[in-house]
Amino acid sequence: MRYMRVRRPWWPYLSWAVMVFLCLVVGLGYQEQMRTATTQVVGGRVVVIDPGHGQPDPGSIGVSGALEKDIVLAIAVYVRELLECRGVVVHMTRSGDYDLAKPATEGLAARKREDLAARVALVNELAPDMLISIHANAFPSARWSGAQTFYPKGCALSHSLAVSMQTQLSRITGRTQRQASSQQDLVILRDVQVPATVVEVGFLSNPQEEALLKQDEYQQRVAWAIYAGIVQYVNDLSLPVHHKEDTS
Ligand SMILES: [Zn+2]
């Protein structure tokens, strides 16, 4: 018996091809729109990133020896890259392993006091749209984990910034149910005159979280969450671009 070869019509394939093409065009257009929208939201802002501590102050020390000062600097550099790509003017309080105390000042406690005062003075001088101070936590017990943000009591903008940042840290790291919390004892939050948050990126006293925080991939993930928190904060408030008045 001879089988008849059935010729299938070609036009249904054309309609599929057209549909795939249209999806690609719409998808790429949407992506471009989102990219442009994000750039417009944060572009032109001025942000100070403050990686905590620095030689000779290591900050918290992890259970396997990771140093807070190294981890927060690595994350801060990633945040800077993300922001600068979108036209944000970024200042870092430090971009290497050093503190801001005067070279002649001796004693760790005295250096830490001077270092913090210098950071506060720098932020108030720069008068940015916001300050993001990056730290890592450590407790005597290993059981605690999860990133958390802090803000000074009584400052609505700082509260919004910390809540936005906490939302994005929860969403993007998937490792924290913590809430943004007010904190009166942190000098950097108490004394700066701009919207500010301290981001504790996790607990170095928790072995699992310490191992994550040492990984380049996880550092980039945390940086992305911090960046997303900044975008959400600016977007939610529809803040006008703020610049320090030229007093020269
Ligand atoms: Zn710290």
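One can find the structure itself at the top, above this paragraph.
Residues numbered from 1 in each chain as written. Predicted model: local features only at pLDDT ≥ 70, side-chain atom pairs only at ≥ 80, totals over all residues. Heavy atoms only, no water.

Asker: So what exactly am I meant to see when it comes to the overall build of the chain here?
Answerer: On a plain count of helices and strands, the chain comes out with seven helices and six strands. Ordered by position from N to C terminus, the α and β elements of the chain give α-β-α-β-α-β-β-α-β-α-β-α-α. A total of 248 residues make up the chain; the buried ones form 42% of that total. Sequence-distant contacts, at least 24 apart, represent 78% of the contacts inside the chain between residues at least 6 apart. Accessible surface for the chain amounts to roughly 13900 Å². Of this, 58% is attributable to carbon and sulfur atoms. (Helix = DSSP H or I, 4+ residues; strand = E, 2+ residues; numbered from the N terminus. Buried < 20%, exposed > 50% of the residue type's maximum accessible area, 1.4 Å probe, protein only. Contact = heavy atoms within 4.5 Å. Areas by Shrake-Rupley, 256 points an atom, 1.4 Å probe, with all protein chains shown as cover.)

Asker: Teacher, can you tell me more about a nonpolar patch on the surface here?
Answerer: There is a patch of nonpolar side chains on the surface, built from Trp10, Tyr13, Leu14, Val18, Phe21, Leu22 and Val25 and spanning about 780 Å² of accessible area. Mapped onto the elements of the fold, Tyr13 is located in helix H1 (residues 11-42). We classify Tyr13 as exposed; its relative accessible area is 54%. (Patch = residues over 30% accessible without salt bridge, like charges linked within 9 Å, V, L, I, M, F, W, Y side chains within 5 Å. Salt bridge = Lys/Arg side-chain N within 4 Å of Asp/Glu carboxyl O.)

Asker: Please clarify how the nonpolar core should be interpreted in this entry.
Answerer: Side chains of a nonpolar character, in soluble globular proteins, are inclined to be buried together. Core analysis: the biggest nonpolar cluster contains 41 residues, and Ile49, Ile75, Leu83, Ile132, Ile134, Ile226 and Ile230 have the highest contact counts within it. Secondary structure elements with two or more residues in this core: H1, strand E1 (46-51), helix H2 (68-85), strand E2 (89-92), strand E3 (130-137), helix H4 (156-173), strand E6 (196-203) and helix H7 (216-237). A total of 11 residues in this core trace back to one element, the largest contributor, which is H7. In this structure Ile230 touches Val42, Val47, Leu83, Met130, Ile132 and Met165, once residues within four positions along its chain are discounted. (Core = buried A, V, L, I, M, F, W, Y, C linked by side-chain atoms within 4.5 Å.)

Asker: So what exactly am I meant to see when it comes to the environment of Thr197 here?
Answerer: Within the fold, Thr197 resides in strand E6. Note: C-alpha distance between Thr197 and Leu157 (40 residues apart in sequence) is 9.8 Å. Ignoring any residue separated from it by four or fewer positions in sequence, one finds Thr197 in contact with Leu131, Ile132, Ser133, Thr149, Phe150, Leu161, Ala162, Met165 and Leu189. Within polar-contact distance, the side chain of Thr197 engages the backbone oxygen of Phe150 at 2.9 Å. (Polar contact = N/O pair within 3.5 Å; in protein donor to acceptor, adjacent residues only side chain to side chain.)

Asker: Looking at this structure, I do not really get the coordination of the zinc ion. What am I missing?
Answerer: Ideal values for angles at a metal depend on the geometry: 109.5 degrees with four tetrahedral donors, 90 or 180 degrees with six octahedral donors. Taken together, the protein ligands of the zinc ion are His53 (NE2), Glu68 (OE) and His135 (ND1), with distances of 2.1 Å. Counting the intervening residues between successive donors of the zinc ion yields the motif H-x14-E-x66-H. Of this pair, His53 sits in the loop between E1 and H2 while His135 sits in strand E3, placing them 82 residues apart in sequence. The exposure classification of His53 matches that of His135, with both residues buried. (Donors = N, O, S within 2.8 Å, 3.2 Å for Na, K, Ca; no water.)

Asker: Could you clarify how one ought to interpret unusual backbone geometry in this entry?
Answerer: Only a minority of non-glycine residues have a phi that is not negative, and only a minority of peptide bonds are not trans. In the segment running from Gln55 into Pro56, the intervening peptide bond is cis, with an omega of 5°. Topologically, Pro56 is positioned in the loop between E1 and H2. A positive phi angle, near 65°, is found at His53, a position not held by glycine. A relative accessible area of 17% places His53 in the buried class. One non-glycine residue, Ala127, adopts positive backbone phi at about 45°. The residue Ala127 is located in the loop between helix H3 (108-126) and E3 in this model.

Asker: Please clarify how the side chain of Arg111 should be interpreted in this entry.
Answerer: Checked against the element boundaries, Arg111 lands in helix H3. Overall, the relative accessible area of 13% leaves Arg111 in the buried class. Within the structure, the side chain of Arg111 is placed 2.7 Å from the backbone oxygen of Thr105, a separation counted as a polar contact.

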